[in-house]
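Take a look at the letters that make up each chain.
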Amino acid sequence: MSVVKINVLTVPAEQRETLEKRFAARADAVGDSDGFEWFELLRPVEGTDTYLVYTRWRDEESFQAWLKGSMKAAHGGGAQGERPKPAASGSTLWSFEVVQQTAPKGE
């Protein structure tokens, strides 16, 4: 079964728009990766400054290959290797194995 990686990002209110624009600008960076299955950026609705970045992968090896390749390129710097200031002030990665799943009927 698949593996799920959830990056838990602490994002101050004044950085939310910046974070969302950055993810939108590189939305296709993960889509072509071997073993990639799904992505969602989850914005907090109330009571927290924590965003969740949900990705689903065929297996751990696919995720690790993306980390070492495409992810580094997507998170690389701008002109002359300059990296923009991070929008998040903290990050934690959660890892899960999918043990059960259900899809809507007909899909």
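Quick summary incoming for the structure in this document. (Residues numbered from 1 in each chain as written. Predicted model: local features only at pLDDT ≥ 70, side-chain atom pairs only at ≥ 80, totals over all residues. Heavy atoms only, no water.)

1. Quick look at the side chain of S2
- Examined against the element boundaries, S2 turns out to sit in the segment before β1 (3–10).
- Looking at S2, the relative accessible area reads 7%, which means it is buried. (Helix = DSSP H or I, 4+ residues; strand = E, 2+ residues; numbered from the N terminus. Buried < 20%, exposed > 50% of the residue type's maximum accessible area, 1.4 Å probe, protein only.)

2. Looking at the packing of aromatic side chains
- A full pass over the atoms with the stated rule returns five aromatic pairs.
- With centroids separated by 6.0 Å and ring planes inclined at 20°, the aromatic side chains of F23 and F39 adopt a geometry described as stacked. Of this pair, F23 sits in helix α1 (residues 16–25) while F39 is found in strand β2 (residues 36–42), placing the two residues 16 residues apart along the sequence.
- Here F39 falls in the partly exposed class, since its relative accessible area comes to 31%.
- Over the aromatic face of F23 sits the side chain of R26, whose NZ or CZ is 5.0 Å from the ring centroid. (Phe/Tyr/Trp six-rings, centres within 6.5 Å; stacked < 30°, edge-to-face > 60°. Lys NZ or Arg CZ within 6 Å of the ring centre and 35° of its normal.)

3. Brief notes about helix α3 (residues 60–68)
- Listed in full, the buried residues belonging to α3 are S62, F63 and W66. Taken end-on, α3 shows its buried residues confined to a sector of 100°, consistent with a single buried face. The outward face of α3, more than 90 degrees from its buried face, is lined by the exposed residues E61 and K68. (Arc of directions from axis to C-beta.)

4. Quick word on the sheet that holds β2
- Reading across from one edge, β2-β3-β1-β4 is the order of the four strands in this open sheet, with antiparallel pairing throughout. On the outer flanks of this sheet lie β2 and β4 (90–97), each paired with one strand and no other. If you compare each strand with its neighbour and ignore which way they point, the axes differ by 15° on average. (Pairing = 2+ DSSP bridges. Axes fitted to C-alpha atoms, helices over the stretch in contact; angles between N-to-C directions.)

5. What about the nonpolar core?
- Counting residues in each nonpolar core, the largest one holds seven residues, listed as L9, V11, L19, F23, Y51, V53 and A87.
- Discounting residues that sit within four places of it in the chain, L19 has contacts with L9, V11, L41, Y51 and A87.
- Residues V3, W57, F63 and M71 belong to the second largest nonpolar core, which totals six residues. (Core = buried A, V, L, I, M, F, W, Y, C linked by side-chain atoms within 4.5 Å. Contact = heavy atoms within 4.5 Å.)

The analysis is restricted to geometry; functional conclusions fall outside its scope.
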